[in-house]
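Here is how the chains run, residue by residue.
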Amino acid sequence: IFELKYFLSDFIKLKNGLVVATFNIKKALEKIILQEDKNNPLNDDVLVSELEKQNYKLARRTVAKYRDNMGYPVARLRKKI
């Protein structure tokens, strides 16, 4: 059983006028998180910078919301000891 919103896409209009599905942004964010150094994980500000390199200009709080929705904790809790 899936929620109805699972089948619908949200879109964000970027500052350059491009309309992108949030699904694409979340996939890019997930790729960055999975490739990060587990001994020194990236905080939300650095994640914003990494997404900007891929032409996704988002606010830090938006990135934090997406990260949280995908089930990834904050950087200090992702750190491997």
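First, a word on what this report is: a plain description of the structure on this page. Each chain has its residues counted from 1, running along the sequence as written. Given that this is a predicted model, residues contribute local features only at a pLDDT of at least 70 and side-chain atom pairs are listed and counted only at 80 or more, while totals for whole chains, interfaces and linings are drawn from all residues. Side-chain numbers come from the whole structure's heavy atoms, not from hydrogens or water.

Helix and strand assignments come from DSSP, with helices taken as H or I runs of at least 4 residues and strands as E runs of at least 2, each series counted from the N terminus. Counting secondary structure elements, the protein chain contains four helices and two strands. In the protein chain, the order of α-helices and β-strands from amino to carboxyl end is β-β-α-α-α-α. Projected onto the principal axes, the alpha-carbon positions of the protein chain cover approximately 40 × 35 × 20 Å. Each residue's exposure class comes from its accessible area (1.4 Å probe, protein chains only) as a fraction of the maximum for that residue type: buried when under 20%, exposed when over 50%, partly exposed otherwise. Across the 81 residues that make up the protein chain, the buried fraction comes to 32%. What makes two residues a contact is simply this: any of their non-hydrogen atoms within 4.5 Å. Looking at the protein chain alone, contacts between residues at least 24 apart form 49% of all its contacts between residues at least 6 apart. Computed with a 1.4 Å probe, the accessible areas rest on the Shrake-Rupley method; for each residue, only the protein chains presented here act as cover. About 6,200 Å² of surface is accessible on the protein chain, with carbon and sulfur atoms providing 51% of the total. Counting 17 positive and 10 negative side-chain charges, the protein chain places the centres of these two groups 2 Å from one another. Within this scheme the basic residues Lys and Arg register as positive and the acidic residues Asp and Glu register as negative, but His and the chain ends are omitted. A single reference atom marks each charge: NZ on Lys, CZ on Arg, CG on Asp, CD on Glu.

Here we take up the pattern of salt bridges. By definition here, a salt bridge exists when the distance from a side-chain nitrogen of Lys or Arg to a carboxyl oxygen of Asp or Glu is within 4 Å. Within this structure, the stated rule accounts for five salt bridges. The residue glutamate 30 makes a salt bridge to lysine 27 at a minimum N-O spacing of 3.5 Å. Separated by three residues within a single helix, glutamate 30 and lysine 27 lie in helix H1 (residues 22-35), roughly one turn from each other. Glutamate 30 sits in the partly exposed class, given a relative accessible area of 22%.

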